[in-house]
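# What the coordinates show
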Amino acid sequence: MIREIVHYDAPVLRAKGKEVGAITPEIRTLVDDLLDTMREERGVGLASQQIGEALQLAVIDITGVKERPSKMWIKNTPVDPEEYMPLVLINPVLKPTKTKVVSHEGCLSFPGLVLDIARAQRVGVKTRTLDGGTFEFDAAGLLGRAVLHEVDHLHGRLFIDHITAKERREIREDLEYIKRANRFRNGRRKNDS
Ligand SMILES: [Zn+2]
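Computed from a prediction, not measured in an experiment: that's the story for all the values here.

## What about the overall build of the protein?
- Counting secondary structure elements, the protein contains four helices and nine strands.
- Sequence-ordered secondary structure for the protein, helices as α and strands as β, is α-β-β-β-β-β-β-β-β-β-α-α-α.
- Computed over its C-alpha atoms, the radius of gyration of the protein comes to 17 Å, within 12% of the 16 Å expected for a compact globule of 193 residues.
- Every one of the 193 residues in the protein was classed for burial, and the buried ones make up 45%.

Pasting the structure below:
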């Protein structure tokens, strides 16, 4: 089911996600909802906070994005990332490199806002899987960036937290616009129901 995406500055976006316990039918439904909503919005990733659920749960799919390549390794052997999409991250633990690279980034919770963000060049990921196992891989390029962005969401961190105070002042009006539009949207929804 396609869910409504929560926009800045809804409090749930600042909530640290609870660890996922057993993989219940409710968790599977939530994963399906995340995938449906991410695809509808043509995003490359979506965290549970963005549909209003503060859990350690996110999905990623970089399939078909040719202009921003992704790299993936399993046990240090390069693999084709598209063969592992969509990725479901459950209670993920990351090991990012200290070396960072800057690239542009958007977020479905900040419609229209694109920022240059420095992120680790490569990240090691350990995640639980829906069948109860664990999956370990390394990611770089767009996939690495998407993992780092989504796992930030799971801890209540947003991409605007990575910019300087000066950059923040420069986008203050954009943020105010998103906030105002969000209040209007929420108000309208209440009146409709
Ligand atoms: Zn985001």
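On we go.
## A closer look at the pattern of salt bridges
- According to the stated counting rule, one finds 13 salt bridges in the structure shown.
- Residues Arg-14 and Asp-161 are paired through a salt bridge, measuring 2.7 Å at the closest nitrogen-oxygen approach. Here Arg-14, found in the segment before helix H1 (25-40), pairs with Asp-161, found in the loop between helix H2 (141-154) and helix H3 (165-170); they are 147 residues apart in sequence, far enough to count as distant.
- Connected through salt bridges with shared partners, the residues Glu-105, Arg-119, Arg-145, Asp-152 and Arg-157 form a single ionic network.

## Observations regarding unusual backbone geometry
- Here the bond from Tyr-8 into Asp-9 is cis, since omega is 10 degrees, no more than 30 degrees from zero.
- Within the element layout of this structure, Asp-9 appears in the segment before H1.
- In this structure, Pro-86 follows Met-85 across a cis peptide bond, with omega equal to -10 degrees.
- Checked against the element boundaries, Pro-86 lands in the loop between strand S4 (77-79) and strand S5 (87-96).
- Not every positive phi belongs to a glycine, and Lys-75 is a case in point at roughly 50 degrees.
- Looking at the secondary structure, you find Lys-75 in the loop between strand S3 (70-74) and S4.
- Even without being glycine, Asn-91 reaches a positive phi, approximately 50 degrees.
- Counting through the fold element by element, Asn-91 comes out in strand S5.
- Look at Asn-91 and you get buried, because its relative accessible area is 13%.

## Some words on the packing of aromatic side chains
- Throughout the structure, instances matching the rule amount to four aromatic pairs.
- Plain terms: the ring middles of Tyr-8 and Phe-110 are 4.9 Å apart, the flat faces sit at 25 degrees to each other, and that makes the pair stacked. With Tyr-8 in the segment before H1 and Phe-110 in the loop between strand S6 (100-106) and strand S7 (114-120), this residue pair connects regions lying 102 residues apart in the sequence. The same class applies to Tyr-8 and to Phe-110, which are both buried.
- Through pairs of rings, three or more aromatic residues link up here, namely Tyr-8, Phe-110 and Phe-159.
- In this arrangement the basic side chain of Arg-122 is found over the ring face of Trp-73, its NZ or CZ atom lying 3.7 Å from the centre.

## Remarks on the environment of Met-1
- Tracing the backbone shows Met-1 in the segment before H1.
- It is 15 Å that separates the C-alpha atoms of Met-1 and Ala-47, two residues lying 46 residues apart in sequence.

## Concerning the nonpolar core
- In this structure, Ile-60, Leu-87, Phe-137, Leu-143 and Val-147 are the most contacted members of the largest nonpolar core, which totals 19 residues.
- Of all the secondary structure elements, the ones that give two or more residues to this core are S3, S5, strand S8 (122-128), strand S9 (134-140) and H2.
- The element best represented in this core is H2, accounting for six residues.
- With near-sequence residues (within four places) excluded, Ile-60 lies in contact with Met-38, Val-44, Gly-45, Met-85, Pro-86, Leu-87, Leu-89, Leu-143, Ala-146, Val-147 and Glu-150.

## Observations regarding the coordination of the zinc ion
- In the first shell of the zinc ion, the protein supplies Cys-107 (SG), His-149 (NE2) and His-153 (NE2), at 2.0 to 2.2 Å from the metal.
- Look at where the donors of the zinc ion fall in the sequence and you get C-x41-H-x3-H. Separated by four residues within a single helix, His-149 and His-153 lie in helix H2, roughly one turn from each other.
- For His-149, a relative accessible area of 6% puts it in the buried group.
- Judged by its relative accessible area of 1%, His-153 falls in the buried class.

Cut-offs used in this document
- Residues numbered from 1 in each chain as written.
- Predicted model: local features only at pLDDT ≥ 70, side-chain atom pairs only at ≥ 80, totals over all residues.
- Heavy atoms only, no water.
- Helix = DSSP H or I, 4+ residues; strand = E, 2+ residues; numbered from the N terminus.
- Rg over C-alpha atoms; globule rule 2.2 N^0.38 Å.
- Buried < 20%, exposed > 50% of the residue type's maximum accessible area, 1.4 Å probe, protein only.
- Salt bridge = Lys/Arg side-chain N within 4 Å of Asp/Glu carboxyl O.
- Phe/Tyr/Trp six-rings, centres within 6.5 Å; stacked < 30°, edge-to-face > 60°.
- Lys NZ or Arg CZ within 6 Å of the ring centre and 35° of its normal.
- Core = buried A, V, L, I, M, F, W, Y, C linked by side-chain atoms within 4.5 Å.
- Contact = heavy atoms within 4.5 Å.
- Donors = N, O, S within 2.8 Å, 3.2 Å for Na, K, Ca; no water.

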